[in-house]
Amino acid sequence: MENEKIGIPKLRFPGYTDAWEERKLGEFTTSFSGGTPSAGNSSYYKGDIPFIRSGEINSDKTELFLTEDGLKNSSAKMVSVGDILYALYGATSGEVGISQINGAINQAILAIKPIDGYSSYFIMQWLKLQKQKIIDKYLQGGQGNLSGSIVKNLILNVPNFEEQKKIGSFFKQLDNTIALHQRKLDDLKKRKSGLLQKMFPRDGEDVPELRFPGYTDAWEQRNFGELYKKNLERNKDQFSSDRTISIATMRFKKEGNGAAEDSLVSYKVLREGDIAFEGHTSKRFAFGRFVLNDIGDGIMSPRFTTLRPTQDMPIKFWKQYIHYEPIMRYPIVNSTKLGTMMNELVVDEFLNQPVLVPELSEQQKIGIFFNKLDDNIALHQRQLDHLKLRKKALLQQMFV
């Protein structure tokens, strides 16, 4: 803390010892925001000029393109590759990036250009670090927008240009590594999505496009109610609150959910392989999703409907099956009833739904295959999360 008071970060590159200088951002940058051409004039759009909106400040692609007329007859302004783009409005307020393309910006974006002797990447990383503080100070309760004047008056500590460049380059490389891991993770998820479509029958068909060798028989049509029944098992002091399962995360809530221990007798016992249904109501419609318990035995609030398999079935396969929406179409039921009764109505409809299932050995192979793919996805997610946490810690140590 003492170092920070005198303008020195906790962690520095070798050879740098001078204190950082306190400055207002507007003292060494120029900035401007853009505008939006009239949406009613078709001659302003579908041109060759990328039109960058606040959700696209970190992208090399845009959804909309402007014509020269659209640019000239509006407040939209051009930015260049390397300019800092700062989101002022809405859900993206406080997001910041470096422009990856030459294009026009709208009024929700502030373009920031440092003068000579100041690094765009250094400034951008400082703004990333300060995002929550800026939002908390200027957008209390999420109301209002940021503005160019607010950003210009932000006060930061700045080292000499060489140290700025080193810090900016270091975090640029770290960002590139994070982006690479994100692409790998996205590619794995896309691969899984594609394989699910090929390894489960398409609508109107009873065999999948892609199968393991030796399997040629059509998948058998069954009613889901033949495979799963409503679970009526209640908790009779078998489980305490630390075995409460959260339906949102399908993880144990070690702290329970605030229910008194003597009320847990009304909770439903959820065995490994059971399915829980999360339904919520909105006037005349009920929506829901089904999740499979693959973490072990526990308990769940009595307001949720739970289902139990009628026979031994491969958990790994059924976890994929019930989470694959084209196969398991979640029913929507019109009703004026609310609460648990609505859940029951939806599930009754669902249990009458026909489903296609392969023979047991093929279920096992499919389940094991996708389980390994899920493990690989989880590994890449952990690596990505670790990199993001590492960056966050380094930002806090390498900036004043």
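Look above for the structure.
Residues numbered from 1 in each chain as written. Predicted model: local features only at pLDDT ≥ 70, side-chain atom pairs only at ≥ 80, totals over all residues. Heavy atoms only, no water.

Chemist: I'd like a description of the packing of aromatic side chains, backed by residues and values.
Modeler: Tallied over the full model, the rule gives 20 aromatic pairs. Ring centres 4.3 Å apart and planes at 15 degrees place the aromatic pair Phe28 and Tyr118 in the stacked group. On the criterion of sequence distance, the pair formed by Phe28 in the loop between strand S1 (21–24) and strand S2 (29–33) and Tyr118 in the loop between strand S9 (109–114) and helix H3 (120–138) is long-range, its members being 90 residues apart. Chaining the aromatic ring pairs together yields one cluster made of Phe200, Phe212, Trp219, Phe224, Tyr228, Phe317, Trp318, Tyr321, Phe369 and Phe370. (Phe/Tyr/Trp six-rings, centres within 6.5 Å; stacked < 30°, edge-to-face > 60°. Helix = DSSP H or I, 4+ residues; strand = E, 2+ residues; numbered from the N terminus.)

Chemist: Before we move on, could you go through the packing of H3 against helix H9 (residues 360–398) and cite the residues and values that matter?
Modeler: Where H3 meets H9, the closest approach of the two axes is 10 Å, and the angle between their N-to-C directions is 105 degrees. Considering their axes alone, H3 and H9 lie roughly perpendicular with respect to each other. Of the residues in H9, those touching H3 at Gln125, Lys128 and Leu129 are Lys391, Leu395 and Gln396. Tallied by class, the residues present in the contact of H3 with H9 amount to 2 nonpolar, 2 polar and 2 charged. (Axes fitted to C-alpha atoms, helices over the stretch in contact; angles between N-to-C directions. Parallel < 35°, antiparallel > 145°, perpendicular 65-115°, else oblique. Contact = heavy atoms within 4.5 Å. Nonpolar A, V, L, I, M, F, W, Y, C, P; charged D, E, K, R; others polar.)

Chemist: Tell me about H3, residues and numbers included.
Modeler: Quick reminder: α-helices carry 3.6 residues per turn. Residues three or four places apart thus point the same way. Its 19 residues give H3 an end-to-end C-alpha distance of only 23 Å, which falls more than 12% under 27 Å, the value for a rise of 1.5 Å per residue. Approximately 55 degrees is the largest bend angle found in H3, and it occurs at Gln130. All buried positions along H3 are accounted for by Ser120, Phe122, Ile123, Met124, Gln125, Trp126, Leu127, Gln130, Ile134 and Ile135. Near the N-terminus of H3, the side chain that reaches the backbone nitrogen of Tyr121, with its oxygen 3.3 Å away, is that of Ser119. (Expected span 1.5 Å × (residues − 1). Bend = angle between axes of the 7 residues up to and from the residue. Buried < 20%, exposed > 50% of the residue type's maximum accessible area, 1.4 Å probe, protein only. Polar contact = N/O pair within 3.5 Å; in protein donor to acceptor, adjacent residues only side chain to side chain.)

Chemist: So what's going on with the pairing of strand S3 (residues 45–52)? Which residues, and what values?
Modeler: Across the 8 residues that make up S3, a large majority, 6, are buried. Note: S3 against strand S4 (residues 64–66), 4 bridges, orientation antiparallel. Pairing of Pro50 across the sheet is with Phe65, part of S4. The pairing of S3 with strand S8 (residues 103–105) spans 2 bridges and is parallel. What sits directly across from Phe51, in S8, is Ala104. (Pairing = 2+ DSSP bridges.)

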